[in-house]
Amino acid sequence: MIHSILDTDLYKFTTSYAYIKLFPYAMGTFSFTDRDDTIYTEFFLAKLKNAIEHLSQIVLTPEELEYMSVHCRFLPRVYWEWLSSFHFQPEKIKVQLDENSHLHLEITDYLYKATLYEVPLLAIISEIKNESLQRIVNMDLVIQKLTQKIELSNANRLSFSEFGTRRRFSFEVQEKVINYLKGHAHYCTGTSNCYFAMKYNIKPMGTHPHEWFMFHGAQFGYKHANYMALENWVNVYDGDLGTALADTYTTDAFLNNLSRKQAKLFDGVRCDSGDEFDFTNRLIERYQEFGIDPTTKTIIFSNALDFNKALEIQKYCAGRIRCAFGIGTNLTNDTGFKPLNIVMKLTRCKMNTHQKWHECIKLSDDEGKHLGSITEVQACLHDLQLTN
């Protein structure tokens, strides 16, 4: 299921290195959430525990180290040399079913290590769930639907990246999809999956996740979390990986916090929730307030998109601002079976082992997607209102 330590998203490595450089003693817990309250079985749990044990055998190979050192110039070789000594530790993963057969899973460690567990665990859970339900994919049908999507992309010069590792149907399905993209998709700019980027000689894609902003909110307060998170990202990467994530504490808070310097320095912004058309209008207005030409900037849209929706958005942005798309589940789990609606998020953190834990929360521009206790979410909303 997980064949390589590189079988994950690039931003997991970039975030890991950012923790090492700025917050090497910080600790955190990532917790699993199934938004559909799916019922899991003891058979599933046994297979999951077995797959988790297998993770401990995966290491970065010398070939992989050389590839990543060459193709990710923004991460120093010393990071990959450290990663070559890293092992997943199954004993740090707590996993169980509750009395309602809902899955509970969490991992606690230093953040530069804990962040590396998220994507592999989600991919494993998705694949085992499909196996336990004895779902068999008709790959001819998957490729037939994929052909139509790529024809639409090619005909309309629709630029997209494959972002589907965490909720893929299986490793095999994702590989067959990427193999097809490599041979047929003229406007596929890359994949977030480093293993497949290496195997198929395509560009690894990614910048930073919600957890980076959630960490800053928990440690430094919500009013200035977005600003501090972006400033610290620049302190680490000096202008590389320049797509800012907008919705950790709602787009309202992001746009209020965005400085002119940041607006000029970052290449663009990622829209991961809410109404894409409203987001486009508001971001363009903000750039114009700063005296920045919006057509020099790019929005990366990544909110559960399909290709038809992406084409609508592209037409809306035309001549106003650049756009590109990160498409995940619609590529790697469009199999005719309902995909799991699962996430793993940073739920608590502390700056070092001697400090107390702070709850981490995530707001969203989509209703029903706030993560965290009601008390802390309300405190955050109150805090953010003071900045308006």
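Right, let's walk through the structure included here. (Residues numbered from 1 in each chain as written. Predicted model: local features only at pLDDT ≥ 70, side-chain atom pairs only at ≥ 80, totals over all residues. Heavy atoms only, no water.)

What follows deals with unusual backbone geometry. Peptide bonds are trans in most cases, and residues, glycine excluded, mostly fall at negative phi. Residue Leu241 is not a glycine yet carries a positive backbone phi of 55°. Phi at Ala304 takes a positive value of approximately 50°, unusual for a residue other than glycine. As for its position among the elements, Ala304 is in the loop between β8 (298–301) and α15 (307–317). Given a relative accessible area of 76%, Ala304 falls into the exposed group. (Helix = DSSP H or I, 4+ residues; strand = E, 2+ residues; numbered from the N terminus. Buried < 20%, exposed > 50% of the residue type's maximum accessible area, 1.4 Å probe, protein only.)

At a minimum axis separation of 10 Å, helix α7 (residues 139–156) and α15 run at an interaxial angle of 15°. As summarised for this structure, α7 and α15 are arranged roughly parallel, according to the angle between their axes. Where α7 crosses over α15, the handedness of that crossing is left-handed. Packed against α7, whose contacting residues are Lys149, Ile150, Leu152, Ser153 and Asn156, the element α15 presents Phe307, Asn308, Leu311 and Gln314 at the interface. (Axes fitted to C-alpha atoms, helices over the stretch in contact; angles between N-to-C directions. Parallel < 35°, antiparallel > 145°, perpendicular 65-115°, else oblique. Left-handed = near helix turned anticlockwise from the far one by under 90°. Contact = heavy atoms within 4.5 Å.)

Side-chain pairing between opposite charges can occur once the charged atoms of the two side chains come close. All told, the structure shown has 21 salt bridges when counted by the stated rule. The closest approach of N and O atoms between Arg270 and Asp272, which form a salt bridge, is 3.4 Å. Considered together, Arg270 and Asp272 belong to a single accessibility category, that of buried residues. Among the charged side chains, a network of salt bridges with common partners joins Asp9, Lys12, Glu118, Arg166 and Glu211. (Salt bridge = Lys/Arg side-chain N within 4 Å of Asp/Glu carboxyl O.)

We now examine helix α6 (residues 118–132). Taking 1.5 Å of rise per residue, 15 residues should cover 21 Å, and α6 covers 21 Å from first to last C-alpha, within 8% of that figure. Most of α6 is tucked away: 13 of the 15 residues are buried. In the segment just after α6, Gln134 is the residue with positive phi, at about 55°. (Expected span 1.5 Å × (residues − 1).)

Taken in spatial order, the 5 strands line up as β2-β3-β1-β10-β11 in an open sheet, and their pairing is antiparallel. The open sheet has two edge strands, β2 (93–97) and β11 (358–359), and neither has a second partner. Relative to strand β10 (residues 342–350), strand β1 (residues 27–34) runs antiparallel, the two being bridged by 8 bridges. Residue pairing across strands places Phe32 opposite Met344, the latter belonging to β10. With respect to the sheet, helix α10 (residues 210–220) is in contact with β1, β10 and β11, its orientation differing from that of β10 by roughly 30°. (Pairing = 2+ DSSP bridges.)

What the second largest pocket holds in volume is close to 190 Å³. Forming the boundary of the second largest pocket are Glu127, Asn130, Glu131, Arg135, Val137, Met139, Phe169, Ser170, Glu172, Val173 and Lys176. Secondary-structure elements contributing two or more residues to the lining of the second largest pocket are α6 and α8 (171–184). For the lining of the second largest pocket, a count of residues per class yields 4 nonpolar, 2 polar and 5 charged. (1 Å grid on protein atoms, 1.4 Å probe; cavity = no way out; pocket = protein on both sides within 12 Å on 5 of 7 lines; lining within 4 Å. Points joined across faces, edges and corners; volume = space filled by probe spheres on them. Nonpolar A, V, L, I, M, F, W, Y, C, P; charged D, E, K, R; others polar.)

Moving on to the environment of Asn100. Looking at the element boundaries, Asn100 is found in the loop between β2 and β3 (103–110). Here the alpha-carbon distance between Asn100 and Ile39, two residues 61 residues apart in the chain, equals 7.5 Å.

Below, the discussion takes up the sheet that holds strand β7 (residues 268–271). Reading across the sheet, the 6 strands line up as β5-β4-β9-β8-β7-β6 and stay open at both edges, with parallel pairing between neighbours. The sheet is open, and its two borders are formed by β5 (188–191) and β6 (243–245), each paired with just one other strand. Taking each pair of neighbouring strands and ignoring which way they run, the sheet shows an average axis angle of 25°. Pairing between strand β4 (residues 160–162) and strand β9 (residues 322–327): 3 bridges, direction parallel.

Now for the environment of Cys317. With respect to the helices and strands, the residue Cys317 is situated in helix α15. Along the primary structure Cys317 and Phe213 are separated by 104 residues, whereas in three dimensions their C-alpha atoms are 27 Å apart. Every residue in contact with Cys317, bar those within four places of it in the chain, is listed here: Thr280, Phe301 and Cys323.

The final tally for this structure, using the stated rule, is 28 aromatic pairs. Judged by centre distance (6.0 Å) and plane angle (75°), the rings of Tyr17 and Tyr79 are edge-to-face. Of the two residues, Tyr17 is situated in helix α1 (residues 10–22) and Tyr79 in helix α4 (residues 77–83); the sequence distance between them amounts to 62 residues. Here the aromatic rings of Trp82 and Tyr112 are separated by 5.5 Å at their centres, their planes lie at 65°, and the arrangement is edge-to-face. Of this pair, Trp82 sits in helix α4 while Tyr112 is found in helix α5 (residues 111–114), placing the two residues 30 residues apart along the sequence. Judged by its relative accessible area of 23%, Trp82 falls in the partly exposed class. Note that Arg320 overlies the ring of Tyr316, its terminal NZ or CZ placed 5.0 Å from the centroid. Over the ring of Trp357 we find Arg348; its NZ or CZ atom is 3.8 Å from the centre of that ring. (Phe/Tyr/Trp six-rings, centres within 6.5 Å; stacked < 30°, edge-to-face > 60°. Lys NZ or Arg CZ within 6 Å of the ring centre and 35° of its normal.)

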